[in-house]
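# Architecture and fold: a report
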Amino acid sequence: MGRVDERVFLAAADNAAWCRAVCRLHGAPGRLGPRVWASGRRTPPLYPDAVTLSPDAVAADVLAGIDTEAAGASVKDSFARLDLAPHGFDVLFEAQWIHRPAHPPTPAPPPDASGGPVWREVDGPEEFARWLHARGDGDGSGPLTPGLLADPAVTVLGGWTGGPGDGGGPVAGVIAHRGEGVAAVGLSNLFAADGCTADAAWAGAVAAVSARFPGLPLVGYEHGPDLAAALRHGFAPAGPLRVWLAR
């Protein structure tokens, strides 16, 4: 089967912890085992019912912990080694885990020099609602809720066109998560809006997260144009993953 890159273990462990954090807010914290994190209750949209944590995980490890009767069961196959087709699943998409080595934090250029947004943490439910709206989740029905702001492992960051109270708004954003015992910071939900380019969003997000977590590598997963953008900003592919969806 080949040796697994250690960076994949880091990225998968943090991603499973992030999925668990989101699902916990929806009453589905699941159970964490040595091979799999799995929820016996259907998770919110876009979040898997199980994430494999070991390349030795087999289909039985995953299927035993999730509800395969209700519609919409999904599995994040972190090492792209499972074959769930005989069990009624199809591959929804394939992606790459990404890793950026720790670097000394580089401050973002001042906004008057770059014309770019100012990056800072989202402050309170009202700002979080504006952040969600900029991301395209304006009706509040998505899986991300204000409860994330109270989680010490989660940092929600936005790139704003101005400071608090001056009428500016978020034009980019990212969520940083550090799973317990994981020596890396996971990036997810990175977005650009209202004229902010993907490259500007990636550059600002990397600088903002690195400044808050100096000395730690950054991890995540991407595919398509988002993967290309990540690679332009210091990330390298670490290994493949698959997401399976029940038919």
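Just so it is clear, the structure is predicted and the values come from calculations on it, not from any experiment.

## Quick word on the overall build of the protein chain
- Along the backbone of the protein chain there are six helices and eleven strands.
- Taken against the 2.2 N^0.38 rule, which gives 18 Å for 247 residues, the C-alpha radius of gyration of the protein chain at 18 Å falls within 12% of a compact globule.
- Expressed as lengths along the three principal axes of its C-alpha atoms, the size of the protein chain is roughly 55 × 40 × 30 Å.
- Going through the 247 residues of the protein chain one by one, you find that 48% of them count as buried.

## Digging into helix H5 (residues 198-212)
- Its 15 residues give H5 an end-to-end C-alpha distance of 21 Å, which sits within 8% of 21 Å, the value for a rise of 1.5 Å per residue.
- If you check which residues of H5 are buried, you get Ala201, Trp202, Gly204, Ala205, Val206, Ala207, Ala208, Val209 and Ser210.

## Thoughts on the sheet that holds strand S1 (residues 31-32)
- Strand order across the open sheet formed by eleven strands is S1-S2-S3-S4-S11-S5-S10-S9-S8-S7-S6, with mixed pairing between neighbours. Each end of this open sheet is capped by a strand with a single partner; those strands are S1 and strand S6 (118-121).
- Relative to strand S11 (residues 236-246), strand S4 (residues 74-77) is paired through four bridges, and the arrangement is antiparallel. Directly across from Asp77, in S11, lies its bridge partner Arg242.
- Relative to strand S8 (residues 170-177), helix H4 (residues 124-135) is tilted by about 105°, and along the sheet it contacts S6, strand S7 (154-160), S8 and strand S9 (185-192).

## Details of helix H6 (residues 225-232)
- Within the sequence span of H6, burial applies to Leu227, Ala229 and Ala230. Buried residues in H6, looked at end-on, bunch into an arc of 160°, giving them a common side. Set apart from the buried face of H6 by more than 90 degrees, the exposed residues are Pro225 and Arg232.
- In this structure, the buried side of H6 is in contact with strand S5 (89-100), H5 and strand S10 (218-222).

## Considering the pattern of salt bridges
- What the rule picks out here adds up to nine salt bridges.
- In this structure, Arg212 and Glu121 form a salt bridge, with 3.7 Å as the shortest nitrogen-oxygen distance. You can see Arg212 sitting in helix H5 and its partner Glu121 sitting in strand S6, a full 91 residues away along the chain.
- For Arg232, the salt bridge is made with Asp199, and the minimal N-O distance between the two is 3.0 Å. With Arg232 in helix H6 and Asp199 in helix H5, the pair connects residues that are 33 residues apart, well separated along the chain.
- Residue classification places Arg232 among the exposed residues on the basis of a relative accessible area of 51%.

## Looking at the nonpolar core
- Within the largest apolar cluster, 23 residues are counted, with the highest numbers of intra-cluster contacts made by Val185, Val209 and Phe235.
- When residues of this core are traced back to their parent elements, those giving at least two are S8, S9, H5 and H6.
- Sorting elements by how many residues they give to this core places H5 first, with six residues.
- Excluding residues within four positions of it along the chain, Val185 makes contact with Ala176, His177, Val209, Phe213, Leu216, Pro217, Leu218 and Val219.

## Considerations on the side chain of Asn189
- On the secondary structure map, Asn189 appears in strand S9.
- A distance of 3.0 Å separates the side chain of Asn189 from the side chain of Ser188, its partner in a polar contact.
- Aside from chain neighbours lying at most four places away, what touches Asn189 is Trp18, Tyr47, Trp131, Arg135, Leu144, Gly173, Val174 and Ile175.

## Remarks on the pairing of S11
- Pairing between S5 and S11: ten bridges, direction antiparallel. Bridge pairing in S11 links Ile98 to Pro237.

## Observations regarding the side chain of Asp14
- Its place among the elements puts Asp14 in helix H1 (residues 6-24).
- No salt bridge forms around the buried Asp14; measuring N to O, its nearest opposite-charge neighbour Arg178 is 7.1 Å away.
- With residues up to four places along the chain from it excluded, the contact list for Asp14 reads His177, Arg178, Gly179, Val182, Ala184, Gly186 and Val219.

## Focus on the state of the cysteines
- Inspection of the entire model under this criterion finds zero disulfides.
- Looking at Cys19, it has no disulfide partner, and the nearest cysteine sulfur is the one in Cys23, 6.2 Å off.

## What about the packing of aromatic side chains?
- Summed over all chains, the structure comprises six aromatic pairs.
- A network of ring pairs unites the aromatic residues Phe128, Trp131 and Phe191 as a single cluster.
- Lying across the ring of Trp160, Arg120 places its NZ or CZ 4.3 Å from the centre.

About the thresholds
- Residues numbered from 1 in each chain as written.
- Predicted model: local features only at pLDDT ≥ 70, side-chain atom pairs only at ≥ 80, totals over all residues.
- Heavy atoms only, no water.
- Helix = DSSP H or I, 4+ residues; strand = E, 2+ residues; numbered from the N terminus.
- Rg over C-alpha atoms; globule rule 2.2 N^0.38 Å.
- Buried < 20%, exposed > 50% of the residue type's maximum accessible area, 1.4 Å probe, protein only.
- Expected span 1.5 Å × (residues − 1).
- Pairing = 2+ DSSP bridges.
- Contact = heavy atoms within 4.5 Å.
- Axes fitted to C-alpha atoms, helices over the stretch in contact; angles between N-to-C directions.
- Arc of directions from axis to C-beta.
- Salt bridge = Lys/Arg side-chain N within 4 Å of Asp/Glu carboxyl O.
- Core = buried A, V, L, I, M, F, W, Y, C linked by side-chain atoms within 4.5 Å.
- Polar contact = N/O pair within 3.5 Å; in protein donor to acceptor, adjacent residues only side chain to side chain.
- Lys, Arg positive; Asp, Glu negative; His and termini not counted.
- Disulfide = S-S within 2.5 Å.
- Phe/Tyr/Trp six-rings, centres within 6.5 Å; stacked < 30°, edge-to-face > 60°.
- Lys NZ or Arg CZ within 6 Å of the ring centre and 35° of its normal.

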